[in-house]
Amino acid sequence: MLEVKDLHVTVEGKEILKGLSLTVNAGEVHAIMGPNGAGKSTLSAVIAGKDGYEVTAGSITFEGRDVLEMEIEERAQAGLLLGFQYPVEIPGVKNVYLLKAALNAQRKARGEGEIPAPEFMKLVKEKLGFMRMDASFLQRAVNEGFSGGEKKRNEILQMLVLEPRLAMLDEIDSGLDIDAMKIVADGVNSLRSEERAVLMVTHYQRLLDYIVPDRVHVLVDGRIAKSGDKSLALELESRGYEWVLEESAA
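Please read these numbers as outputs of a predicted model, since none were measured by experiment. (Residues numbered from 1 in each chain as written. Predicted model: local features only at pLDDT ≥ 70, side-chain atom pairs only at ≥ 80, totals over all residues. Heavy atoms only, no water.)

Undergrad: Help me understand the sheet that holds strand E2 (residues 14-24) in this model?
TA: Picture the strands of a sheet paired through backbone hydrogen bonds; they go either parallel or antiparallel. With respect to topology, four strands assemble into an open sheet ordered E2-E1-E4-E5, the strand pairing being antiparallel. Each edge of the sheet is formed by a strand with only one pairing partner; in this case those strands are E2 and strand E5 (65-66). The strands that helix H1 (residues 40-48) touches are strand E1 (2-11), E2 and strand E4 (54-62); relative to E1, the one it contacts most, it runs at about 105°. (Pairing = 2+ DSSP bridges. Helix = DSSP H or I, 4+ residues; strand = E, 2+ residues; numbered from the N terminus. Contact = heavy atoms within 4.5 Å. Axes fitted to C-alpha atoms, helices over the stretch in contact; angles between N-to-C directions.)

In structure tokens form, the structure reads like this:
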């Protein structure tokens, strides 16, 4: 589904990713871990098309398409979604309008008509219930005045409504208490299927107790230094990153 080959990325003249390669198949959940500054968030931002990143070498293909040649809108329409570590506030734009506009843009790209209002409200209310969010959220401006946990739940709500092919979640667990983390994890797990994949950036193994990954990758200095299954995350929890740094330097 996703193929990243020898990716080199610079930000403000500084090289962050230094030859990163990664393959994610449909149906898989991959976790990206690593020390601060290793380039974890940069990877998902570049795939999504965020401004400020310059790809100097390498390629990214998504279901056979050259991602780097696609506009941000095209990437979203193709089924790429980025859940932000720090979701932005959009004053004056109600949640319900954002969700409906995004969903209809995807439907239009697929050659489908706009979703009927009753069908849309039924869908959104079902997903709100799943995320244990009050219906009043729909009439609030996007993320404005939301707590950290509410913002993260709102990101997952958008994911549940849009049903992306590849969901990239950038530290979706940061700032969450244990109850909110379980709700967020339930939302992510509900979308696991053979047609989708998930790429999660996280610092903490505890998220992986609730969203069990198929593969765990350790990013060190802009490259994947080590990959394994969930047991690798447990090893990192007990030993830290120093041993991986030493291995990659050897």
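Further notes follow.
Undergrad: What should I look at first to understand the packing of aromatic side chains in this one?
TA: Two measures describe an aromatic ring pair: the distance that separates the ring centres and the angle between the ring planes. For the structure shown, the criterion picks out one aromatic pair. With a centroid separation of 5.2 Å and an interplanar angle of 85°, the aromatic rings of Phe137 and Phe146 are classed as edge-to-face. Here the two residues Phe137 and Phe146 agree in accessibility, since each one is buried. Taking NZ or CZ as reference, Arg140 lies 5.1 Å from the ring centre of Phe137, over its face. Lying across the ring of Trp243, Arg239 places its NZ or CZ 4.2 Å from the centre. (Phe/Tyr/Trp six-rings, centres within 6.5 Å; stacked < 30°, edge-to-face > 60°. Buried < 20%, exposed > 50% of the residue type's maximum accessible area, 1.4 Å probe, protein only. Lys NZ or Arg CZ within 6 Å of the ring centre and 35° of its normal.)

Undergrad: Explain the nonpolar core to me, please; I cannot follow it from the model alone.
TA: Soluble globular proteins tend to pack their nonpolar side chains together in the buried interior. Core analysis: the largest hydrophobic core is formed by 47 residues, its most contacted members being Ile156, Met159, Leu169, Met200 and Leu236. Excluding residues that lie within four positions of it along the chain, Leu169 makes contacts with Gly83, Ile156, Met159, Val188, Val198, Leu199, Met200 and Val201. (Core = buried A, V, L, I, M, F, W, Y, C linked by side-chain atoms within 4.5 Å.)

Undergrad: Quick question: what am I supposed to make of the pattern of salt bridges here?
TA: Proximity of charged atoms lets side chains of opposite charge pair with each other. The full count for this structure, using the stated rule, is 10 salt bridges. The partner of Lys18 in a salt bridge is Asp221, with the nearest N and O atoms 2.7 Å apart. Taken as a pair, Lys18 in strand E2 and Asp221 in the loop between strand E11 (215-220) and strand E12 (223-228) lie far apart in primary sequence, 203 residues in all. Given a relative accessible area of 45%, Asp221 falls into the partly exposed group. (Salt bridge = Lys/Arg side-chain N within 4 Å of Asp/Glu carboxyl O.)

Undergrad: Help me understand the side chain of Lys152, please; the structure alone is not making it clear to me.
TA: Summarising the element assignment, Lys152 is placed in helix H5 (residues 148-162). Lacking a salt bridge, the buried Lys152 has Asp173 as its closest oppositely charged neighbour, with an N-O distance of 6.1 Å. (Lys, Arg positive; Asp, Glu negative; His and termini not counted.)

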